[in-house]
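Coordinate inspection notes
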Amino acid sequence: MTKITWSEDCSVGVPSIDEQHKQLVSLTNELFQAIIKDQGQDVALDVLNQVAEFAKYHIDHEESLLQKYDYPRHRLQPHIAEHRKLIHGVDKLIRESSTDHLDLKIYDFLRTWTTEHFNLLDKDFATFLQDKGAK
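This write-up is about the structure you can find in this document. Every chain begins its residue count from 1, and numbering advances along the sequence as written. Only residues with pLDDT of at least 70 are given local features in this predicted model, and only at 80 or more are side-chain atom pairs given and counted; all residues enter the totals for whole chains, interfaces and linings. To obtain the side-chain values, all non-hydrogen atoms of the structure were used and water was disregarded.

1. Re the packing of aromatic side chains
How we decide: Any pair of Phe, Tyr and Trp rings, taking the six-membered ring for Trp, is counted once the centres come within 6.5 Å. Such a pair is stacked with planes under 30 degrees apart, edge-to-face with planes over 60 apart, and tilted for the rest. Helix and strand assignments come from DSSP, with helices taken as H or I runs of at least 4 residues and strands as E runs of at least 2, each series counted from the N terminus. Between buried and exposed lies partly exposed: a residue is buried under 20% and exposed over 50% of the maximum accessible area for its type, with that area taken using a 1.4 Å probe on protein chains only.
In the structure shown here, the tally under the stated rule is four aromatic pairs. Centre to centre, the rings of phenylalanine 32 and tyrosine 107 are 4.5 Å apart; their planes meet at 40 degrees, and the pair counts as tilted. Of this pair, phenylalanine 32 sits in helix α1 (residues 15–36) while tyrosine 107 sits in helix α4 (residues 104–132), and the two are 75 residues apart along the sequence. Using a relative accessible area of 6% as the deciding quantity, one classes phenylalanine 32 as buried. A ring pair is formed by tyrosine 71 and phenylalanine 125, whose centres lie 6.3 Å apart and whose planes are at 85 degrees; its orientation type is edge-to-face. You can see tyrosine 71 sitting in the loop between α2 (41–68) and α3 (73–97) and its partner phenylalanine 125 sitting in helix α4, a full 54 residues away along the chain. Like tyrosine 71, the residue phenylalanine 125 is buried in the burial classification. Through a chain of ring-to-ring contacts, the aromatic side chains of Tyr71, Phe125 and Phe128 assemble into a single cluster.

What follows is the structure, encoded as structure tokens:
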């Protein structure tokens, strides 16, 4: 298993979203390093909590942009549902990790979700927000 690598292929062309995606990648990779270097449960859990907090901030920002520019409701609702799955999944991992040792399954969940979400679902609204001039 390797770290997530950001590339321009991941870009949605909206600067604020791209910067936040880069931050999520960085935090997720920091979690990966904490786990593989066995830096301890407290360190890994702290990073996981940072991921969760920043993911919530990012999701609020992304959804507010989509709503501000009237992204079609039939496309917005499934996107919001995917965001809720992430938040629920991360919150569940945090609850479970308070009793278990953090392992690579947590990183794998975040890595898979992030790369699939950025590269598939977020690409779906990229042109829409670019055409609206979203920053």
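2. Remarks on the packing of α1 against α2
Condition: For helices, the fitted line uses only the C-alpha atoms of the stretch in contact; every axis is such a line through C-alpha atoms, and the angle between N-to-C directions lies from 0 to 180 degrees. Each angle gets one of four labels, with under 35 degrees taken as roughly parallel, over 145 as roughly antiparallel, 65 to 115 as roughly perpendicular, and the rest as oblique. Each helix crossing is assigned a hand: it is left-handed if the near helix lies turned anticlockwise from the far helix by less than a right angle, otherwise right-handed if that turn is clockwise. Classification used: nonpolar for Ala, Val, Leu, Ile, Met, Phe, Trp, Tyr, Cys and Pro, charged for Asp, Glu, Lys and Arg, polar for all others including Gly.
Running from N to C, α1 and α2 cross one another at 165 degrees; their axes reach a closest spacing of 9 Å. Viewed along their axes, α1 and α2 adopt a mutual orientation that is roughly antiparallel. In terms of crossing hand, the pair formed by α1 and α2 is left-handed. Split by residue class, the contact of α1 with α2 holds 15 nonpolar, eight polar and two charged.

3. Digging into unusual backbone geometry
Although it is not a glycine, aspartate 38 sits at a positive phi angle of roughly 50 degrees. On the secondary structure map, aspartate 38 appears in the loop between α1 and α2. The backbone of aspartate 70 shows a phi angle near 55 degrees, a positive value even though the residue is not glycine. With respect to the secondary-structure elements, aspartate 70 resides in the loop between α2 and α3.

4. Quick word on the pattern of salt bridges
Just so we agree on the cut-off: Any carboxyl oxygen of Asp or Glu within 4 Å of a side-chain nitrogen of Lys or Arg constitutes a salt bridge here.
Counted under the stated rule, the structure contains five salt bridges. Aspartate 91 is paired through a salt bridge with lysine 56; the nearest N and O atoms lie 3.5 Å apart. With aspartate 91 in helix α3 and lysine 56 in helix α2, the pair connects residues that are 35 residues apart, well separated along the chain. With its nearest N and O atoms 3.3 Å apart, the salt bridge here joins arginine 75 to aspartate 124. Note that arginine 75 is positioned in helix α3 and aspartate 124 in helix α4, a separation of 49 residues in sequence.

5. A word on the side chain of serine 11
Note the threshold: For this analysis, a polar contact is any N or O atom pair within 3.5 Å, provided that within protein one partner can donate a hydrogen and the other can accept it, and provided that sequence-adjacent residues contribute only side-chain to side-chain pairs. Any two residues having at least one pair of non-hydrogen atoms within 4.5 Å are treated as being in contact.
Of note, serine 11 is situated in the segment before α1. For serine 11, a relative accessible area of 16% puts it in the buried group. Polar side-chain contacts of serine 11 include one of 2.6 Å to the side chain of aspartate 18. Setting aside its immediate chain neighbours within four residues, serine 11 contacts Trp6, Asp18 and Lys123.

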